[in-house]
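Overview (structure and organization)
Residues per chain, in single letters:
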Amino acid sequence: MIHTKLDPFPKDFLWGSASAAYQVEGAWNLDGKGKSVWDEFVRIPNKTFKGSNGDVAVDHYHRFKEDIALMAEQGLKTYRFSIAWTRILPDGRGEINQKGLDFYSDLINELLKYGIEPIVTLYHWDLPQALEDAYGGWESRQVIQDFTNYAKILFDAYSDRVNYWVSLNEQNVFMMHGFLMASHPPAVTDPKRMYAANHIANLANASVIKAFRDGKYPGKIGPSFAMSPAYAVDCQPENVIATENMLDLFTNFWMDVYVYGRYPKVALKNLAKNGLAPVFEAGDEDLLKAGKPDFMGVNYYQSMTIASNPLDGVTMTGEANYSGKKGTTKEAGQPGMYKIVSNPYLEKTNWDWTIDPAGLRISLRRISSRYDLPILITENGLGDFDTLEADGQVHDQPRIDYLKTHCLAIQEAITDGVEVLGYCTWSFTDLLSWLNGYQKRYGFVYVDRDETNEKELKRYKKDSFNWYRDVIRTNGASL
Ligand code: BGP
């Protein structure tokens with residue numbers, strides 16, 4: 001559809017920005033916090049860019065008031081952040097750490113002081129190490145109860161002030177990186193273990209949503225899915241079939257479970273044939289069906305272009321462009337199913353991620369048509385090298401261009417008929433990129449530090465800060 005005039009953004013549209021505990025907080029071992037799997041993983045040599053870690057990160061733990069004052073100055077309507085499970089329950093279960101509960105309570109109050117709506121992510125990858133040690137974390141069904149108990153503590157403590165909850169952040173990413181590509185903890189390469197752990201994560205996600213419903217907490221809850229819409233490289237039918245493989249096994253595979261409580265048939269048959277299908281126990285089906293979310297959270301960065309891949313073709317390795325040296329990404333895929341190829345129509349970032357605003361519109365349309373749920377865009381942004389000028393300015397025009405075109409794509413999707421609740425950019429301040437260190441920046445606010453030197457962690461507003469302030473102030477009319 002080509003629109004001659006775009007509908008305005010809804011009046012109560014949630015213009016926001018997002019972060020995750022491990023990537024901003026620092027204070028990794030303070031005030032009773034337990035260790036997470038990331039606290040351990042970053043200490044294994046050669047796992048992260050230049051051995052970077054989140055020990056200090058951007059020190060949001062101590063500077064959240066300064067950061068939230070900047071959010072208020074920009075006019076943010078919402079801020080999405082995650083809670084570190086190990087601050088609340090240092091061992092993942094058992095004794096509650098009051099100081100952890102207080103920290104997030106203070107943070108929520110500080111946001112509300114300025115009328116900023118908190119969106120709370122329950123889990124953004126920092127599993128308690130104690131649970132990994134005790135029973136293998138996501139590989140044991142015990143985690144379902146522990147995750148649910150943890151979530152209930154948060155619902156009880158904060159649901160008087162929090163209206164939006166994200167259950168799991170990017171289950172598809174932490175499962176594939178953790179169990180297939182060995183690039184996240186627990187750094188395993190074993191598809192059978194991945195599908196088994198993933199099934200348990202599905203049950204945990206559903207269990208938490210069910211607990212939210214059973215507890216009659218006010219507000220809305222849903223998972224955030226890392227959405228990369230798949231395009232066939234051309235109209236050769238084999239490439240179109242490969243794209244269908246990608247969709248069923250790597251997109252619908254997660255979202256169908258969230259919404260319908262079942263895996264796509266084609267995916268399940270394929271897994272069963274290869275001895276990889278997850279084992280269903282009594283009660284699983286009912287639990288999955290009881291976990292329907294209120295909204296679909298969407299993290300969108302790029303689209304993917306797909307071609308067929310022979311049985312002896314390329315595999316999914318943990319190798320990728322983590323350096324920012326353009327053009328270093330190698331082809332990857334699943335033999336016999338699909339491979340990801342370059343799209344000649346799209347520009348790419350320095351980390352070889354395609355820049356494709358239309359892909360966001362396509363994602364919103366596909367999700368809305370297939371699931372008929374409102375959508376909360378929980379992440380979108382441009383990772384770039386930014387330069388702090390001598391006068392303290394940061395001219396991040398590429399970020400402005402990226403965000404502007406993506407906002408317009410959202411407006412087009414809204415005009416198409418998609419219900420979009422809000423838009424969180426990634427990220428508000430610069431922060432630690434899990435595998436790319438501190439040089440891959442996403443924020444509206446520059447934080448002066450690098451992998452080797454924390455410096456003073458001083459904050460500087462980038463050009464994009466003012467640009468987004470105007471977008472919010474005009475509810476998108478300035479775009
Ligand atoms: C998403 C994660 C975020 C964030 C973002 C950017 O997958 O949910 O935590 O890191 O991607 O990715 P990267 O830091 O790899 O550039």
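Residues numbered from 1 in each chain as written. Predicted model: local features only at pLDDT ≥ 70, side-chain atom pairs only at ≥ 80, totals over all residues. Heavy atoms only, no water.

Quick word on the overall build of the chain
Selection criterion: The numbering of helices and of strands both runs from the N terminus, where a helix is a DSSP run of H or I of at least 4 residues and a strand a run of E of at least 2. Each radius of gyration reported is based on C-alpha atoms, and the globular scaling rule is 2.2 Å times the count of residues to the power 0.38. Relative accessibility thresholds used throughout: buried, under 20% of the residue-type maximum; exposed, over 50%; partly exposed, between the two (1.4 Å probe, protein chains only). Computed with the Shrake-Rupley method and a 1.4 Å probe, the accessible areas treat only the protein chains shown as cover for residues. As used throughout, the charge tally considers Lys and Arg to be positive and Asp and Glu to be negative, leaving His and the chain termini uncounted. The location of each charge is read from NZ of Lys, CZ of Arg, CG of Asp or CD of Glu.
Each helix and strand in the chain was counted, giving 16 helices and 16 strands. In terms of C-alpha radius of gyration, the chain reaches 21 Å, essentially the compact-globule figure of 23 Å for 479 residues. Structurally, the chain occupies a C-alpha span of about 60 × 55 × 45 Å along its principal axes. A buried classification covers 61% of the 479 residues belonging to the chain. Summed over its atoms, the accessible surface of the chain is roughly 18,500 Å², and 50% of this surface lies on carbon and sulfur atoms. Placing the 51 positive and 62 negative side-chain charges of the chain at their respective mean positions leaves the two points 2 Å apart.

Let's talk about the sheet that holds strand β13 (residues 375–379)
Which entries qualify depends on this criterion: In this description, strands pair whenever DSSP reports at least two bridges between them. Each axis is a line fitted through C-alpha atoms, taken for helices only over the stretch in contact, and angles between the N-to-C directions span 0 to 180 degrees. Note on contacts: a residue pair qualifies if any of its non-hydrogen atoms lie within 4.5 Å across the two residues.
What the eight strands build is a closed barrel, ordered β1-β2-β3-β4-β5-β7-β13-β14; its pairing is parallel. Averaged over all pairs of adjacent strands, the angle between their axes in this sheet comes to 30 degrees, without regard to strand direction. Relative to strand β5 (residues 220–227), strand β4 (residues 164–169) runs parallel, the two being bridged by four bridges. By the bridge assignment, Asn 169 is partnered in β5 with Ser 224. Relative to strand β3 (residues 117–123), helix α7 (residues 142–158) is tilted by about 165 degrees, and along the sheet it contacts β3, β4 and β5. Relative to the sheet, helix α11 (residues 252–260) contacts β5 and β7 (296–300), its axis offset from that of β5 by approximately 165 degrees.

A word on the nonpolar core
Applied cut-off: Residues grouped as a nonpolar core are buried Ala, Val, Leu, Ile, Met, Phe, Trp, Tyr and Cys residues, joined through side-chain atoms within 4.5 Å.
Of all hydrophobic cores here, the largest spans 150 residues; its most connected members are Ile 88, Trp 138, Tyr 158, Trp 165 and Ile 410. Considering each element in turn, this core owes the most residues, 11 residues, to helix α9 (residues 191–214). For Ile 410, the residues in contact, after removing those within four places along its chain, are Phe 9, Phe 13, Leu 360, Leu 364, Ile 377, Val 420 and Tyr 423.

So yeah, pure geometry; function would need other evidence.
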